[in-house]
Amino acid sequence: MPNVDISSQSGKDFSGDVLIVPVFSGRERHRLPLAISKVARQVMDESDFKADYLELVPLHHPNGVKDCRWMLLVGLGEEEKVTHNKIRKAVGTAARHSLKKGWKKIGVISPSTSLLDHDEAQAAVVEGALLADYDFTAFKGKPEPKRFETLEVFTNGDDTRKARRRLPQIEAGVAACHRVRDLGNTPAGDLYPESFAEIAQKLAKQHKLGCEVMGPEDLQKGGFNALLAVGQGSARTPRVVKLEYKPKEKAKKHVVLVGKGVCFDSGGLSLKDASGMETMKGDMIGAAIVLATLAACAEAQAPVQVTGIMGLVENMPSGTSYKPGDVLKSRSGKTIEVLNTDAEGRLVLADLLDYASGMGADHVLDFATLTGACVVALGDGVSAVFGTDQKLVERLLDAGSTTGEHLWQLPLVEEYRDSLKSQVADIKNITGHRWGGSITAALFLKDFIKHESWIHVDLAGSWSSAERDYRPHGATGEGPRWLLDWLLA
Ligand code: BES
Ligand code: MN
Ligand code: ZN
């Protein structure tokens, strides 16, 4: 993480690699420091820079701004339509451009507009730049990541105290986002249940979190038979990791976070086809979100108790694999007829949700790259939220809007539960038809949670994306930031 400074200076004396200047379209409107506004106006007079949203113009050694090598104008579009999220994305777009150029000392002018609170705008600037500051090079021959060294934000006289106070929380959220990206981008050859559990143990130690790792024998004793069945085809044995964060003062509430951690999902004997199978290294992103969020809770000293449960397995075809037609006795005692070994996430979660139900918490939330149907429904930029606690669903949707990560509620349509009835067991793991696949998967999970306030988040679409705004190519790292918006409140 670069060294971050928010100062009330104008930025005209900035010395560094690049000064990022967000500008509104419509030239009379911007209240930029004089020397900088002169430069910006000259460019806008050329009429081929309109400051449209996300439009970029780099200028070399701009006149009148002393020691800055480059100035990068980035459009914010019309001032009337400005939002925090647009500022975050515009600054993020300029920051990605700067990062790729290898620029390391970065300055940003915080846009001044009467339509947003100063501190909110400043926070969005910092967050946009820090979220963009990511480069995954661990698997290059020479891992030399491009990263920023310093980030200076200039407010031209506006008060900086509130935004400065928010910095630790912003940095904890960004660090969690980057951690999820790292884990999601790491190949399954390197990140498997055992190695993932070791990473969790290390991080827990650093952050003084409670940490318990259950191996195959513990899981057998604990009755996690559905989870064990999913893992039984792999040479890499399963782990369940339980993490615990407790605040120093009395906790406001107790929340359990459950994560699907399928380190590789080949489909098992119901094998997936080759197209895109490599993306299934990311089928553990739910568990990564749980781990990163717990670390962030410790960093930002959340006022709530948080328990994290990560279900780590590999779903592989082999002579020891579980088979279509098998009936599993889940931890809850309910039996499950497996008709497709590729619907494995819900089997892992069935045991974990039953385990979580016994913890007497106020809320249980699970995170899973659960269904391709979710990608069909919402694309690669939106997570689906299901829940039995409408008040909490709405609070989380708000958190999504605040943090700029898209969440959309889908319904738990009780009538669809009939399609999961099995002839031989208490429930079957697929319906046998394609329609409403995310909903029927959520309804399957609902059978295993004995908790009034339960939230299920399907991340199948949102976990990875092409490069856009502050997002790099690959794992997006979405999840912890909106979760923290609620947990840290
Ligand atoms: N991990 C997949 C879901 C997924 C798909 C995640 C695309 C990310 C991107 C899950 O385990 C799966 O294979 N689901 C099946 C369920 C089906 C067999 C009922 C699916 O969605 O095809
Ligand atoms: Mn699958
Ligand atoms: Zn899966």
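Located above this text is the structure these notes cover.
Residues numbered from 1 in each chain as written. Chains lettered and ligands numbered in written order. Predicted model: local features only at pLDDT ≥ 70, side-chain atom pairs only at ≥ 80, totals over all residues. Heavy atoms only, no water.

Asks: Hey, could you run me through the overall build of the chain in this one?
Replies: The number of helices and strands found in the chain is 13 helices and 19 strands. The C-alpha radius of gyration computed for the chain amounts to 24 Å, which stays within 12% of the reference 23 Å derived for 489 residues, consistent with globular compactness. Dimensions along the principal axes, computed over C-alpha positions, put the chain at roughly 80 × 50 × 45 Å. A buried classification covers 59% of the 489 residues belonging to the chain. When contacts within the chain are restricted to residue pairs at least 6 apart in sequence, those whose partners lie at least 24 apart make up 78%. Accessible surface, the chain as shown: approximately 19900 Å² in total, 49% of it carbon and sulfur. Separation of charge centres in the chain, based on 60 positive and 64 negative side chains, amounts to 3 Å. (Helix = DSSP H or I, 4+ residues; strand = E, 2+ residues; numbered from the N terminus. Rg over C-alpha atoms; globule rule 2.2 N^0.38 Å. Buried < 20%, exposed > 50% of the residue type's maximum accessible area, 1.4 Å probe, protein only. Contact = heavy atoms within 4.5 Å. Areas by Shrake-Rupley, 256 points an atom, 1.4 Å probe, with all protein chains shown as cover. Lys, Arg positive; Asp, Glu negative; His and termini not counted. Charge placed at Lys NZ, Arg CZ, Asp CG, Glu CD.)

Asks: So what exactly am I meant to see when it comes to the pattern of salt bridges here?
Replies: Oppositely charged side chains are able to pair whenever their charged atoms sit close together. This model, assessed by the stated rule, comprises 29 salt bridges. Members of the salt-bridge network, linked through shared partners, are Arg88, Glu127, Glu405 and Arg481. (Salt bridge = Lys/Arg side-chain N within 4 Å of Asp/Glu carboxyl O.)

Asks: I'm lost on the coordination of the zinc ion (ligand 3) in this one. Help?
Replies: Ideal values for angles at a metal depend on the geometry: 109.5 degrees with four tetrahedral donors, 90 or 180 degrees with six octahedral donors. Summarising the metal site, the zinc ion (ligand 3) is bound by the protein donors Lys260 (NZ), Asp265 (OD), Asp283 (OD) and Glu344 (OE), whose distances to it range over 2.0 to 2.4 Å. Coordination at the zinc ion (ligand 3) is octahedral: its 6 donor atoms span angles of 78 to 174° at the metal. Of note, the donors binding the zinc ion (ligand 3) are all from one chain and are spaced K-x4-D-x17-D-x60-E. (Donors = N, O, S within 2.8 Å, 3.2 Å for Na, K, Ca; no water. Tetrahedral: all angles 85-135°; square planar, octahedral: opposite > 155°, others 65-115°.)

Asks: What am I meant to see in the site of ligand 1 here?
Replies: In the neighbourhood of ligand 1, 15 residues make up the surrounding shell, with Lys272, Asp283, Asp342, Glu344 and Gly372 lying closest. Thr369 places a main-chain nitrogen or oxygen 3.4 Å from a nitrogen atom of ligand 1. In the complex, the protein chains occlude 76% of the 520 Å² of accessible area that ligand 1 would expose alone. Grouping the constituent residues of the shell around ligand 1 by class yields 4 nonpolar, 4 polar and 7 charged. (Near = heavy atom within 4 Å. Polar contact = N/O pair within 3.5 Å; in protein donor to acceptor, adjacent residues only side chain to side chain. Nonpolar A, V, L, I, M, F, W, Y, C, P; charged D, E, K, R; others polar.)

Asks: How should the environment of Val125 be read in this particular structure?
Replies: The topology assignment puts Val125 in helix α3 (residues 118-132). Residue classification places Val125 among the buried residues on the basis of a relative accessible area of 0%. What Val125 contacts, discounting residues up to four positions off in sequence, is Ile87, Val91, Val108, Ser110, Pro111 and Val153.

Asks: Would you mind going over the packing of α3 against helix α4 (residues 161-185) with me for this structure?
Replies: When two helices pack together, their arrangement is given by the angle between the helix axes and by the axis-to-axis distance. Where α3 meets α4, the axes come as close as 10 Å, and the angle between the chain directions of the two elements is 30°. In terms of their interaxial angle, α3 and α4 are classed as roughly parallel. Crossing hand, α3 versus α4: right-handed. In contact with Asp119, Glu120, Gln122, Ala123, Val126, Glu127, Leu130 and Leu131 of α3, α4 contributes Lys162, Ala163, Arg166, Leu167, Ile170, Glu171, Val174, Cys177, His178 and Arg181. (Axes fitted to C-alpha atoms, helices over the stretch in contact; angles between N-to-C directions. Parallel < 35°, antiparallel > 145°, perpendicular 65-115°, else oblique. Left-handed = near helix turned anticlockwise from the far one by under 90°.)

Honestly, that's just the spatial picture; any functional story needs more than this.
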